[in-house]
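What follows is each chain in one-letter form.
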Amino acid sequence: MTGAYVAGAVSCLAQLGIPDLLEAAPKSAEELAKEIGADPRALYRLMRATASVGVLSEGPDGKFSQTPMSAVLRSNATPSLRTWTIMGGREWHGRGWSNLGYCVRTGKQAVEQIYGAHVFDFLKQHPAEGQIFNDAMTELSMIDSPAVAEAYNFEGIRSIVDVGGGHGLLLATILKGNPQLRGILYEMPHVIEGAKNGPLKPLLGRCALASGDMFSSVPEGVDAYIMKHIIHDWPDDGCLQILKACRKGVNSGGRLLVVDSVIQPGNDFSPGKFLDLQMLIFPSGCERTEKQFRDLFAASGWQLSRIIPTVASDSIVEGIPA
């Protein structure tokens, strides 16, 4: 019941940059408070609390040191979860969760009720929050992009479009491991601007950056489309528009690769089941079962051919033209 307290404390710790400041050596709350301009007693209470759940460690001398769980909150960690953790403590994120009851009663998203805009429009209207979101997505890609590239055999595919690929880390990871591939990153114009100096910059000789509306069209004449954490953002009608556009544009014998959680029935714990609630609050999408993916593919001209697990929490749901 106090999970929100823990999440809020860890988010604050990341926002203050404490794990970065402890990289070289342990420090006391008094030392750190001088560096960041904080109240030393309040900072001590924050650090003592996070240390109680393994995020920092307090020594007998009153100094705090790094732990594996605080180390991933450093800016230079590989992978880093600092911005993802910060995003969880932002006002719009917290207000969304506090309105979960509204979402359950109405089936509508909380952010639109609170701010009068779809979450992606809200992020576009608030560039600082949008930057946090985009950086958080890149951080998650540092974990799951290598898992996707390792789990799937891209042999025989010579061209691929990453639909809604953010700043391009997934596509960059795939291109580095498959020299025969040429890629296209397809995103909204304001996201593409941020991608120009992102992970794809060294690979622009084999990759193009394109912008547009994925609900109406995607770059055509390619062997494969991949989309990670895109389908789960939208209800079925929006997903059908995206998948039909991909079906229209794919080359003969091409493939569709949807990277998302695949929900399993039963009472076993699954992060995807809680992520599904987040989809209800924010983008208004959902996590799906194998049957739901199969039905969605069939309705858009694809046939689900197989589901490939990865070492991360996502699976690759593969489709072929029906």
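These figures come from a predicted structure and were not determined experimentally.

J.: It is not clear to me how unusual backbone geometry should be interpreted in this structure. Could you clarify?
T.: Leave glycine aside and you will find that most residues have negative phi; peptide bonds, for their part, are mostly trans. Note that the residue after Thr78, namely Pro79, is joined by a cis bond; omega there is 0°. With respect to the helices and strands, the residue Pro79 is situated in the loop between helix 5 (68-71) and helix 6 (82-87). At Leu56, a residue that is not glycine, the phi angle is positive and equals roughly 90°. Counting through the fold element by element, Leu56 comes out in the loop between helix 4 (40-51) and strand 2 (57-58). Accessibility expressed as a relative area gives 1% for Leu56, which makes it buried.

J.: For this particular structure, what's the right way to read the pattern of salt bridges?
T.: When the charged atoms of two side chains with opposite charge come close together, those side chains can pair. According to the stated counting rule, one finds 10 salt bridges in the structure shown. As a salt-bridge pair, Asp144 and Lys228 come within 3.2 Å of each other at their nearest N and O atoms. Residue Asp144 is found in helix 11 (residues 127-151), and its partner Lys228 is found in strand 7 (residues 222-228); the two are separated by 84 residues along the sequence. The same class applies to Asp144 and to Lys228, which are both buried.

J.: Which parts of the structure should I look at to understand the sheet that holds strand 1 (residues 27-28)?
T.: Working definition: the strands of a sheet are paired by backbone hydrogen bonds and lie parallel or antiparallel to each other. Strands sit in the order 1-3-2 across an open sheet of three strands; the sheet is antiparallel. Edge positions in the sheet fall to strand 1 and strand 2, since each has one partner strand and no second. Pairing analysis gives two bridges linking strand 1 to strand 3 (residues 63-65), with the strands arranged antiparallel. Among the inter-strand pairings, Lys27 is bridged to a residue of strand 3, identified as Phe64.

J.: Can you walk me through the environment of Leu140 in this structure?
T.: Position of Leu140 relative to the elements: it lies in helix 11. With a relative accessible area of 18%, Leu140 lands in the buried category. For the pair formed by Leu140 and Met87, sequence separation is 53 residues and the distance between their alpha carbons is 12 Å. Contacts of Leu140, omitting those with residues within four sequence positions, involve Leu81 and Trp84.

Conventions used here
- Residues numbered from 1 in each chain as written.
- Predicted model: local features only at pLDDT ≥ 70, side-chain atom pairs only at ≥ 80, totals over all residues.
- Heavy atoms only, no water.
- Helix = DSSP H or I, 4+ residues; strand = E, 2+ residues; numbered from the N terminus.
- Buried < 20%, exposed > 50% of the residue type's maximum accessible area, 1.4 Å probe, protein only.
- Salt bridge = Lys/Arg side-chain N within 4 Å of Asp/Glu carboxyl O.
- Pairing = 2+ DSSP bridges.
- Contact = heavy atoms within 4.5 Å.

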